Structure formats: structure tokens, C-alpha cells
Amino acid sequence: MKTIKEIWADNKKRRLILGLGCFAFLVFIQLKYLYNTWFDPDEVDIYVYAYEMNLGNVLYRDLPSQHMPFTYYISAFFYLIGAREIYLQRICFYIMFAAFWTGFAFRYRKYFNKWAIVLHPILFFTLLQNQDFSTQILSENLAAIGAEIFILELLRFLKEKDIDIKGCILMSIAVVFTLGTTFVSIYALFYLGLGVLSLEIYWGIKNKQPMKEWWAMMLKRYLKLFGIVLIPWVIFIIYSLATHSLYDCYYQAYVVNREYYPKYIGIGGSALEGFFIPITRLCGSFIEFKLKDLTQYALIEKSMLLMGTLYFPYKLHKKEGVIAGVTLSMFVMSLAERGYFSFHGKQAEAALALLSASVMIDIVYQSKEKFAKAGLARKAYFVTFCFLIFVNYCNNLTENFVFVYFSEKNHYESDTDAVLAITDENDMMWQTNICNTVEWVSKVPNVNVPVSCPWMWEGVGSKRFDRVKQIRPKVIVYTEDYVCWGAKMSEYAPEAYNFIEENYTYLPGTEQIWVRNEDYAESCRILGYDPEAEYETPKVRHEREEQEKKEQKEKDDK
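Residues numbered from 1 in each chain as written. Predicted model: local features only at pLDDT ≥ 70, side-chain atom pairs only at ≥ 80, totals over all residues. Heavy atoms only, no water.

1. Some points on the nonpolar core
Ranked by size, the top nonpolar core spans 125 residues in total, and within it Phe-93, Met-96, Phe-104, Phe-112 and Ile-151 carry the most contacts. No other element matches helix H7 (residues 139-160), which puts 12 residues into this core. Those residues within four positions of Met-96 in sequence are excluded, and the remaining contacts are Ile-74, Phe-78, Leu-142 and Phe-177. Listed in part, the 32 residues of the second largest apolar core include Val-451, Cys-453, Tyr-478 and Ala-487. (Core = buried A, V, L, I, M, F, W, Y, C linked by side-chain atoms within 4.5 Å. Buried < 20%, exposed > 50% of the residue type's maximum accessible area, 1.4 Å probe, protein only. Helix = DSSP H or I, 4+ residues; strand = E, 2+ residues; numbered from the N terminus. Contact = heavy atoms within 4.5 Å.)

Following this line, the structure appears as C-alpha cells:
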């Protein structure tokens, strides 16, 4: 029997123990967010389609979406292996993220501080937990992992001047995680590719490499890379052709976003503007800065923005040259196409957290003597920053941890209970507003004719509306006077709105459930309501309550 000291002396066993400990730590710190409120629709949209894909439905052909495909496929795999509750889906994603971060610490330890890799998630989550919906699982989480792979592979490439097979495989995964989940990642990939090409040209000129030899090296290196990167996309294209969904993918994930989405949202109308947004966003982050707005969280934001987009790239420029520094800086800035500090900016925040962790650890861990000689202001800033990170992360530490709850928190319990009571396995529902929790909890399939977003109705739903009229689903999830991004359903989808008003009746005891007129009486009896009685709809009830509050306030004032 070996002693602990003998086991620890074995390098392979020591690395295994450290790896397992690192992995457990990285899973554990994410469990703080396990029971955070669901982000309905964006997060639940992923899980609902995972469920529907396991029923045999095909993404885009049967399941319309304006998003890129791979987040859905990963979630569908987790659903297949048993993750059929939101907390189980989240745990699967947490495990996957922790596995990547642990792997990074081992693969890149020669090129990047391994402790910075292990500890950067704390900085990352400190940012996320202060923003609405950011701790939920979204495509941007996968894009964050992909962005980190590209940064770390760039740093490795600068040292090795080559790309190995493992790097090709990791970058293939990174392309899937970025471009395959969020299309706007194409801008960051453009700047990264342009920077790497510039480095190759510069090195070739510097080494006086013959043109023929340079081209041979480039073809050998990048044909291998592109070949491996293309493998998952070739598989996806073959699958899409076999399921007759390739054109639907192109149309919904690209055309709808380019032609219909900008009409209502105001972004995405010009492909060229995406090349300049990163710079304007960074400048705006500092130009708009006001001392009175300097909260402890704002100090963390600004500090990480400075360290991640300016200071670390500056250090890289001093070591590896100006092209390397500019490439990294432009890549990080371009990850913020939809902002730095919001749920759409997770990939940018992950990059900032990774680079900022390196800067902060380098100050102490690798330059103890230099730090000891530093001025009081520098030491005070470092201590203050670390203290704020610790305090922010530990805020509400046990509120949503795994040991606090042991079941899912359903925020539409009355609605899902009603749907489960009045439907059977042959019934379908129609989701007409943007909240899709009812389908996820009830597991009643959707007819999947999108009407909740005006751009999806105009681009897709209006062309598939005959499906609703043919099926006439028993149940619909519907909100009176529904508005999405300032657009009223009654105005952008009058055909759907009139169909609902003529053919469906509000089901008492629920918030957003309506049933076919012919099924109303039976549904009321099942739920214990008198079908002959009159019931207020949520809209009427809300208006009455507001009026009563107003009258009470006037009475109190008198």
C-alpha cells in the first residue's frame, strides 16, 4: 500500500489528482447558479427544441429558429442521456465547461499561467451574476469556451510557430462553439484570421523564406487545419441534405436575420457595420464613464476591460510584436458585437476574465519581487480589485445552490397543471407568446408556427400558418394585446390574431392558456369551473385591479 507521499511523488498520479480536484472545483463554483430563474424564452428555447428533436422533429424544417444549430444539438444529446429537467441540463453544461477549463490548464500551462486558467471562471461569474439573465445557459456560453480556445491557441502558436493536430481539433470545436452557435462571431474570426495571416507573412519576410517554400508550408499547415475544421460542418450539411432542411437553415439562420430582423430591432442591416462596432463599443465604454457611476461592480467592469483589451495585448506586443498585440486586441473587442456586459456579451466577458486573471496573477505569482517594490497605489488597487471580486462572487452564495432545492421551480405552475389535465398524448399546443415554459414542463408538442416575434412571423410563420388552421391545436399559450419589441401581434400578424380571437376562449384559473371553443365546456368541467359562468381574462382582471388601486389611492389622499 503506497503512502500519500509516494502517490504524490508519482508525476502522473499527481497530475491526475490535481486534474480531478480542478475539475471538481470548476463544477462546484457553477452550482451557485443551478436554480437561478429560467431565462424564458432564450434558455428554455434550447431545451424545448432538445425535447422536440428527441421526438423526431428536424431543426429548421420542423422547428423554426433564427439561431445557429449546434447549441440545440448539444442540448438534444443531453436530453437523450436523461437531462429532462432544466437543472439537469444545466449540470450537463456545467460539467462540459469544467472539462474544457481543466483541459486548458494542462494543455496551455507552458504558454499561459495555469492558475489564471483555473481561477478566471470566478472573475467571469462575478461579471455574469450582476447582469440580467447572464447566469443562464445560452449559446453565448459555448461561444465563450470557443473564444478562450482561440486566445490560448493563438498564444501557443506565437511560441511554437506551428499548429499541431490537437490544436486543429480544438479549433474545429471552437468554430462550432462560436460560428456554429452565434453567427456574429464571424467578425472576431475574421480579425483573428487576418492577424494570423499577417504574422505568417511577416515571419516569412523576416526569415527570408523563399516564396515557393513559404507557400508549401502554408498549404501543408492550413489545409490540415481547414480540413479538420470542416469535418463537423460537412456532417451537418450531409445530415441537412438527408433531412431536406439545408435551405431552411440558410433561410432562417441567415436571411431572416439579415432581411427581417433589422426592421424591428435596428441592428444587422449592414454587414459592414459589424467590422467597426467593436472599436466604437470600447471607446464608448470609457467616453461614457462618469465618476458618480463608479460602483464596486463598475470598477470591476472597467478594470477587466482595461486589462483584457489593452494591458494584456500591450504586454503581448512587447514580447511578440505589434501584429500579435493588435490581433489579440481586435479579436477580444470583436467578441463584443452585441455589447460587453450583458448576456449577449458572454464571450467577450470570458475573454476579459481570462486575460485579466493572467494580469492579476502575474503581478503576484510571477513577479513577487517587482510587486514588493511597487508603490502603495498599485498594491492598494490590486488588493481592492481582489477584495471586490471575492465579495461580489460570494454575494448570495447559497441562494440557488444544489443543496437548497431538490426540484425545479416552475413559474407557470397553474398553466402547466391545466394543460396536463385537459390534454392527452395526441393533442398539440400553439405557443403564440415568447415564454415557452409551458411546453417544456407539460411536454405537449408545439405546432411550431412562430408568431411570438414579428420578424419570425413575417419571415417564416406567415408562410406556415396553414398548418395551424389544419391542426387547430386544442391549447394555445396566448397573451391578450401581445407586444414584442414594440410591435403588436394584432398589427404584425392580423391573420393569426383574428384566428385566435374567433376560435379560442380563455381558460379560467390560468394566466395564458386558451382552448378551442368546442373544448371549453369540457375543459372547465375537468378543472372544476362552471362553463356557464363568466370569468375575467387576465387583461380585464389587471385593468380592474389597477383601477381599484387608483380609486383607493384617491380615497386615501382625501
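2. Digging into the side chain of Gln-66
Tracing the backbone shows Gln-66 in the loop between helix H3 (42-53) and helix H4 (70-80). Polar contacts involving the side chain of Gln-66 include one to the side chain of Trp-455, which spans 2.5 Å. Non-local contacts of Gln-66, meaning those with residues more than four positions away in its chain, are made with Gln-252, Ala-253, Asn-257, Tyr-261, Trp-455 and Met-456. (Polar contact = N/O pair within 3.5 Å; in protein donor to acceptor, adjacent residues only side chain to side chain.)

3. Considering the environment of Phe-150
Summarising the element assignment, Phe-150 is placed in helix H7. On a C-alpha basis, the gap between Phe-150 and Val-175 in space is 8.9 Å, while along the polypeptide they are 25 residues apart.

4. Some words on a positive patch on the surface
A cluster of basic residues, Arg-15, Arg-109, Lys-110 and Lys-114, forms a positive patch at the surface. Its place among the elements puts Lys-114 in helix H6 (residues 114-128). (Patch = residues over 30% accessible without salt bridge, like charges linked within 9 Å, V, L, I, M, F, W, Y side chains within 5 Å. Areas by Shrake-Rupley, 256 points an atom, 1.4 Å probe, with all protein chains shown as cover. Salt bridge = Lys/Arg side-chain N within 4 Å of Asp/Glu carboxyl O. Lys, Arg positive; Asp, Glu negative; His and termini not counted. Charge placed at Lys NZ, Arg CZ, Asp CG, Glu CD.)

5. Quick look at the sheet that holds strand E1 (residues 429-431)
A sheet is described by the order of its strands in space; here 4 strands give the open sequence E1-E2-E6-E5, paired in mixed fashion. The open sheet has two edge strands with one neighbour each: E1 and strand E5 (504-506). Taking the axes of each pair of neighbouring strands and ignoring which way they run, one obtains an average angle of 25 degrees across the sheet. Both strand E2 (residues 475-477) and strand E6 (residues 513-516) contribute to a ladder of 3 bridges, which runs antiparallel. Counted as the bridge partner of Val-475 is Val-515 from E6. Relative to E5, helix H22 (residues 494-503) is tilted by about 70 degrees, and along the sheet it contacts E1, E2, E5 and E6. (Pairing = 2+ DSSP bridges. Axes fitted to C-alpha atoms, helices over the stretch in contact; angles between N-to-C directions.)

6. A word on the packing of helix H13 (residues 296-320) against helix H14 (residues 322-334)
Packing of H13 against H14 leaves a shortest axis separation of 7 Å and a crossing angle of 160 degrees. The pairing of H13 with H14 is recorded here as roughly antiparallel in orientation. Of the two elements, H13 crosses H14, and the hand of that crossing is right-handed. Only Val-322, Ala-324, Gly-325, Leu-328, Ser-329, Val-332 and Met-333 of H14 make contact with H13, whose side of the interface consists of Gly-308, Thr-309, Phe-312, Pro-313, Leu-316, His-317 and Glu-320. (Parallel < 35°, antiparallel > 145°, perpendicular 65-115°, else oblique. Left-handed = near helix turned anticlockwise from the far one by under 90°.)

7. Side note on the packing of H3 against H4
Direction vectors running N to C along H3 and H4 enclose 60 degrees, while the axes themselves pass 8 Å from each other. When the axis of H3 is compared with that of H4, the two are oblique. Here H3 and H4 pass one another in a crossing that is right-handed. Two secondary-structure elements touch here, H3 through Asp-45, Ile-46, Tyr-47, Tyr-49, Ala-50, Tyr-51 and Met-53 and H4 through Thr-71, Tyr-72, Tyr-73, Ser-75, Ala-76 and Tyr-79. Considering only residue class, the contact of H3 with H4 consists of 10 nonpolar, 2 polar and 1 charged. (Nonpolar A, V, L, I, M, F, W, Y, C, P; charged D, E, K, R; others polar.)

8. A look at the packing of aromatic side chains
Inspection of every chain in the model, using the stated rule, returns 43 aromatic pairs. With a centroid separation of 6.2 Å and an interplanar angle of 50 degrees, the aromatic rings of Phe-100 and Phe-104 are classed as tilted. In this pair, Phe-100 and Phe-104 are both assigned in helix H5 (residues 86-107), 4 residues apart and thus about one turn of the helix distant. Accessibility expressed as a relative area gives 17% for Phe-100, which makes it buried. Residue classification places Phe-104 among the buried residues on the basis of a relative accessible area of 3%. One Lys or Arg, Lys-161, reaches over the ring of Trp-203 and ends 4.7 Å from the middle of that ring. (Phe/Tyr/Trp six-rings, centres within 6.5 Å; stacked < 30°, edge-to-face > 60°. Lys NZ or Arg CZ within 6 Å of the ring centre and 35° of its normal.)

9. So, the pattern of salt bridges
Applying the stated criterion to the full structure yields 21 salt bridges. Ionic pairing is found between Arg-221 and Asp-162, a salt bridge with its closest N-O pair at 3.2 Å. With Arg-221 in helix H10 (residues 211-242) and Asp-162 in the loop between H7 and helix H8 (165-178), this pair connects stretches of sequence that are 59 residues apart. With relative accessibility at 38%, the residue Asp-162 sits in the partly exposed group. Linking Lys-549 and Glu-546 is a salt bridge whose minimum nitrogen-to-oxygen distance equals 3.9 Å.

10. Remarks on the pairing of E6
Relative to E6, E5 runs antiparallel, the two being bridged by 3 bridges. By the bridge assignment for E6, Tyr-504 is matched with Arg-516. The turn joining E5 and E6, which pair antiparallel and follow one another in sequence, is formed by 6 residues; a positive phi near 85 degrees is taken by Gly-509.

11. Quick word on H8
Across its 14 residues, H8 extends 20 Å between first and last C-alpha, which sits within 8% of the 20 Å expected from 1.5 Å per residue. Burial runs high along H8: 10 of the 14 residues are buried. When we look at burial in H8, the residues that qualify are Gly-167, Cys-168, Leu-170, Met-171, Ser-172, Ala-174, Val-175, Val-176, Phe-177 and Thr-178. If you follow the buried residues of H8, they end up packed against H4, H5, H7, helix H9 (185-206) and H10. (Expected span 1.5 Å × (residues − 1).)

12. Section: a nonpolar patch on the surface
On the surface, a nonpolar cluster with roughly 510 Å² of combined accessible area is contributed by Phe-183, Ile-186, Tyr-247, Tyr-250 and Tyr-254. Here the nonpolar patch takes 3 residues from helix H11 (residues 246-265), the largest share from any one element. By secondary structure assignment, the location of Tyr-247 is in helix H11.

13. Let's talk about the environment of Lys-488
Topologically, Lys-488 is positioned in strand E4 (residues 487-488). On the basis of relative accessibility, which here comes to 42%, the residue Lys-488 falls in the partly exposed class. Lys-488 sits 35 residues away from Cys-453 along the chain, and the two C-alpha atoms are 9.7 Å apart. Setting aside residues no more than four positions away along its own chain, Lys-488 makes contact with Tyr-482 and Val-483.

14. Regarding helix H18 (residues 413-422)
Buried residues of H18: Asp-415, Thr-416, Ala-418, Val-419 and Ile-422, and no others. Angular distribution of buried residues about the axis of H18 spans 160 degrees; they occupy a single face of the element. Against helix H19 (437-442), E2, E6 and helix H23 (520-527) lie the buried residues of H18. (Arc of directions from axis to C-beta.)

Taken by themselves, the reported measurements are silent on function.
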